[in-house]
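Structural features, examined
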Protein chains: 2
Amino acid sequence: MKAEIINIGDELLIGQIVNTNAVWIAQQFNALGVPIARMTTIADKAEDIIEAVGKAFNDHELIVITGGLGPTKDDITKKTLMTYFGTEPVFNQEVYDQLNNWFTARGREFSEVNQTQCYVPSNCKVLMNKWGTAPGMLFEKDGKYLASFPGVPTEMKNLVTHYLIPFIEQHYSLPPLVHRSFNIEGIPESELMKTIESWEDNLPKTIKLAYLPSAGIVKLRMSSLNTDGNAATVMEEESKKLHEIIGNDIFGYEEQTLEEIIKELLLSRNQTLCTAESCTGGYLAHKITSVPGVSRVFPGSFVTYDYWVKTDILGVKKETLQKFGAVSEEVVIEMARAAKEKLKTDYAIALSGIAGPDGGMPDKPVGTVWIAWATPKGIIAKRFAFPGDRVGNIHLSYQKALNILRRIILELPLKKEFWEKG
Amino acid sequence: MKAEIINIGDELLIGQIVNTNAVWIAQQFNALGVPIARMTTIADKAEDIIEAVGKAFNDHELIVITGGLGPTKDDITKKTLMTYFGTEPVFNQEVYDQLNNWFTARGREFSEVNQTQCYVPSNCKVLMNKWGTAPGMLFEKDGKYLASFPGVPTEMKNLVTHYLIPFIEQHYSLPPLVHRSFNIEGIPESELMKTIESWEDNLPKTIKLAYLPSAGIVKLRMSSLNTDGNAATVMEEESKKLHEIIGNDIFGYEEQTLEEIIKELLLSRNQTLCTAESCTGGYLAHKITSVPGVSRVFPGSFVTYDYWVKTDILGVKKETLQKFGAVSEEVVIEMARAAKEKLKTDYAIALSGIAGPDGGMPDKPVGTVWIAWATPKGIIAKRFAFPGDRVGNIHLSYQKALNILRRIILELPLKKEFWEKG
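Description of the structure in this document. (Residues numbered from 1 in each chain as written. Chains lettered and ligands numbered in written order. Predicted model: local features only at pLDDT ≥ 70, side-chain atom pairs only at ≥ 80, totals over all residues.)

Things to note about the environment of Ala355(A)
Residue and element names in this part refer to chain A. Along the chain, the position of Ala355 falls in the loop between strand 15 (347–353) and strand 16 (368–375). C-alpha of Ala355 to C-alpha of Cys118: the two residues are 237 residues apart in sequence and 50 Å apart in space. Discounting chain neighbours no more than four positions away, the residues touching Ala355 are Cys279, Arg390, Asn393 and Ile394. (Helix = DSSP H or I, 4+ residues; strand = E, 2+ residues; numbered from the N terminus. Contact = placed C-beta atoms within 7 Å.)

Considering unusual backbone geometry
Residue and element names in this part refer to chain A. The omega angle of the peptide bond from Gly356 to Pro357 is 0°, so this bond is cis rather than trans. Positive phi, close to 50°, is recorded for Glu254, a residue that is not glycine. Of the residues examined, Glu254 has 12 C-beta atoms within 10 Å and is grouped as exposed. (Buried ≥ 20, exposed ≤ 12 C-beta atoms within 10 Å, placed from the backbone.)

Some thoughts on the relation of the copies chain A and chain B
For the pair chain A and chain B, the best superposition has an RMSD of 2.6 Å and corresponds to a rotation of 180° with a translation of 2.2 Å parallel to the axis. With an isologous cut-off of 70% or more, the 83% of interface residues of chain A that recur at the interface of chain B puts this contact in the isologous class. (Least-squares fit on C-alpha atoms with pLDDT ≥ 70 in both.)

Topic: the interface of chain A and chain B
On the side of chain B, 57 residues touch chain A, which itself brings 60 residues to the contact. Here the side of chain A that touches chain B is built from residues that sort into 29 nonpolar, 23 polar and eight charged. Two elements, strand 2 (residues 36–42) of chain A and strand 2 (residues 36–42) of chain B, share five bridges in a ladder whose sense is antiparallel. Looking at strand 2 of chain B, one finds that Thr41(A) is bridged to Met39(B). (Nonpolar A, V, L, I, M, F, W, Y, C, P; charged D, E, K, R; others polar. Pairing = 2+ DSSP bridges.)

Observations regarding the nonpolar core
Core analysis: the biggest nonpolar cluster contains 112 residues, and Met335(A), Ala336(A), Ala339(A), Met335(B), Ala336(B), Ala339(B) and Ile349(B) have the highest contact counts within it. Ile36(A), Val23(B), Val53(B) and Leu146(B) belong to the second-largest nonpolar core, a separate cluster that totals 86 residues. (Core = buried A, V, L, I, M, F, W, Y, C linked by C-beta atoms within 7 Å.)

Quick look at the packing of helix 11 (residues 258–269) of chain B against helix 16 (residues 390–409) of chain B
Residue and element names in this part refer to chain B. Helix 16 packs onto helix 11 with a crossing angle of 30° between their chain directions and a minimal axis gap of 10 Å. The orientation of helix 11 relative to helix 16 falls into the category roughly parallel. Here helix 11 runs over helix 16; the crossing is left-handed. Note on element contacts: helix 16 touches helix 11 through Gln399, Leu402, Asn403, Leu405, Arg406 and Ile409, opposite Leu258, Glu259, Ile261, Ile262 and Leu265. (Axes fitted to C-alpha atoms, helices over the stretch in contact; angles between N-to-C directions. Parallel < 35°, antiparallel > 145°, perpendicular 65-115°, else oblique. Left-handed = near helix turned anticlockwise from the far one by under 90°.)

See the structure below:
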């Protein structure tokens, strides 16, 4: 059984939006063990849709379409699918009732335009959309299936999760795939490869290894078919060996994020953290507070963007700022100490740097960021030279800040690079 | 002339990485006026590559391939293209010299594996890759063209910029395309459609209109072929008419973001803004500080996640917090007032709410967010009922906060919904 994703939308073909729908569906299908053989992106154009659907039905067993189900004139997927299947629209009372409630609950008029969404192809199974206004549709043709979803990510994700995945699990006998992912902090991919080379070379043939690098992180994933029921055990053994080599660098597993790990570490130790941010402008606090239930370990943060806010609000000494400048070891240390005291936490992270694109100086070029960690045992600070643009430098600052905090909390040795001059 | 992008890589089909290459190429082509008719993503599999290339040559005039040019065993694009074109590899001295330098400069061995990259198909024009190790290739077949690039984004981008774009500009007479985009604050797509229906119906046939909704924003884009040199003028006229209908809702044009607009508005008025954030946890400050040069209008922010930080650090009265709870009109008003005073700004935005997934109460369900705007003329506040998950509610809070601030600064009337009970 092979699947194809067809994403419909002019906005994708002109590069207005990134196709995050395709990657998300691919991740779900990969976890289920459904191989995707092709992804096709086409315009909101009837003949292109008909051609792509025809080819997909010819080549593959399961087709997932996103986009083109809105109520506006350029949304033609539903109409085109009816042309393709040679069916007619029929009024669906359940959709009508649900949409009527949806608009009423929001104090909005259930307009004529939106009422067109109550008409659905006569040959499809309607997938009720509780997260928006366009219902999903499931079609069958000669034992093959086509599911059509709106392009709005939250709606598509909910419809896939609640209808398509259960349908796939029921309908197909899927190969029993086993995965295990390791989230590894900032080692360059090539360096990691070299470090674990002999382990990788000796992996059982049944295990496939993938390197998935992203900014500041490498995810290492083992995959195996579990035909003999032994895959999980074999993987567990290999996992132990991997830990012996790079255990300290593995901060989490599967979809765990750094901020989730930090929350768990603090929670289990009954400790707290705060931040004092200059160049990151609240990004670190935002990442930390993106984890539900973090309020027990994170009371708050100072975003001290301006000079005088660092002194008058946070409590950095004016002399320190004048003598060493905002981007300095002395200032981030004072920032971290002051934040820890004011917000009464066990740990505080302070950051000050030059995110770019402007503001670089010969001795402090764009990407220079000082980070300080105030801990129950004292304060340490480190200068970094990040290679990114503004967004990248802010992101790398957050990753370094939390990665090193993780090592501090766990009392792991800091890497050699930490003690080198940045 | 129509183009197709073919992205080759198993990692794309299992959702390991987002296809940012496709969106980047699409943006370049869109700016050039080269329409992309299809994007196809396939595996590192010879038969799939041959089939996709054959179909692309059949349907379109220009094909861009990314991926599968590395030196490892799973990179088969070059070999497969030679099979497709029926050609042989030839040694290329220029590639050899360049690679030799590349490895020497990096103190790395120019290994046998990497020397395979010096062999290139005899029928292609080699595009020297100064940014990595795999050269790009340009093939011609019956007057149509195929360009093949490595999948590493920086290498691909440099090769496209330095070779492919100049080639396209020289080789094709491109249709002069004109675009104009309007960024419209949080009107549901269907409502917007109704509001501008008669304008849309009367648009000149030459103008194509697209609705591009994303969380809390609709981008409306007019596109037109400029065959008679008049398109920009016609669009300007239509733009004026559109402004008469929804001018107040248009916050920006093209790629302008809300936070950029806010920065410009404040800068031109010599005014300043700060935030006091509870449920958004620093997200608003982060979005504002993602704009370069914003320090002149944004001194900083208080992230007051815990109760006592709201009182002891920011200065909300204990009685207010006890009597009305953290998510209340009274508390956000005090938060905004205190932040404005402490950070000495002209405006302050305060937010307190229940982002979810937990913490909802019968009278304050998940998604309830109070926002207050302190202005030179006084303070107003509004309760919102956002429908999203944690990430969505935080994002919608930021959009409402800045959208309404924009109206306040510009002294535009607030929408009817603002004055309704949320």
